[in-house]
Amino acid sequence: MAGRGPAPKENAVRRNAVDLSHLEGDEDVPDKLKKLFKRDSYSVATLRWWDTWAESEQSESFKATDWQRLQMLAPLVEAYYRRPGHNALAEIRQNESLLGATVTDRMRLRMGKPEKKGDDKPDSQPENVADFELYRQLGGA
């Protein structure tokens, strides 16, 4: 006797796939939101923190509200670097987690690599595709 309950369906289909197409980046985000306000008033450490986020892959999918969250978080990051404290770091970590800071965060958020828009042609053929020109040269049809 194998187990309790009914036998599983033969060709069961998972129906818990989530459509994430609505989460793609917003190209209409003004450039002014992507730049740190009052940049010259921040320390080098905070500027590095901002630049890391601005150049990250996950920032390609940020909407205006995500950029606003980073703008609001910047003074807290600055305060942490001036006088490190447990409470500030906890708040920073929590907010960064919501934006997909770590691999685990991105897995939990089901973030994938943003697809590059543009040329749909691949640079080369996959390995499992036959090269018909070579086939003809070798005496094939």
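The structure contained in this document is the topic of the report that follows. All of these numbers come straight from a predicted model, not from anything done at the bench. (Residues numbered from 1 in each chain as written. Predicted model: local features only at pLDDT ≥ 70, side-chain atom pairs only at ≥ 80, totals over all residues. Heavy atoms only, no water.)

## Focus on helix α4 (residues 86–98)
So, step 1. Taking 1.5 Å as the rise per residue, α4 with 13 residues should run 18 Å; its terminal C-alpha atoms sit 19 Å apart, in good agreement.
So, step 2. By the burial criterion, the buried members of α4 are Ala-88, Ile-92, Asn-95, Glu-96 and Ser-97.
So, step 3. Looking at the buried side of α4, the elements it contacts are α2 (44–54), α3 (64–82) and α5 (103–108). (Helix = DSSP H or I, 4+ residues; strand = E, 2+ residues; numbered from the N terminus. Expected span 1.5 Å × (residues − 1). Buried < 20%, exposed > 50% of the residue type's maximum accessible area, 1.4 Å probe, protein only. Contact = heavy atoms within 4.5 Å.)

## What to know about the packing of aromatic side chains
So, step 1. Enumeration over the complete set of coordinates arrives at 5 aromatic pairs.
So, step 2. Both rings, one in Trp-50 and one in Trp-67, keep their centres 5.9 Å apart while their planes meet at 50 degrees; by these two values the pair is tilted. Linking Trp-50 in helix α2 with Trp-67 in helix α3, this pair joins segments that are 17 residues apart in sequence.
So, step 3. The class for Trp-67 is buried, based on a relative accessible area of 3%.
So, step 4. Joined through ring pairs, the aromatic side chains of Trp-49, Trp-50, Trp-53, Phe-62 and Trp-67 make up one cluster. (Phe/Tyr/Trp six-rings, centres within 6.5 Å; stacked < 30°, edge-to-face > 60°.)

Any link to function would need more than the numbers given here.
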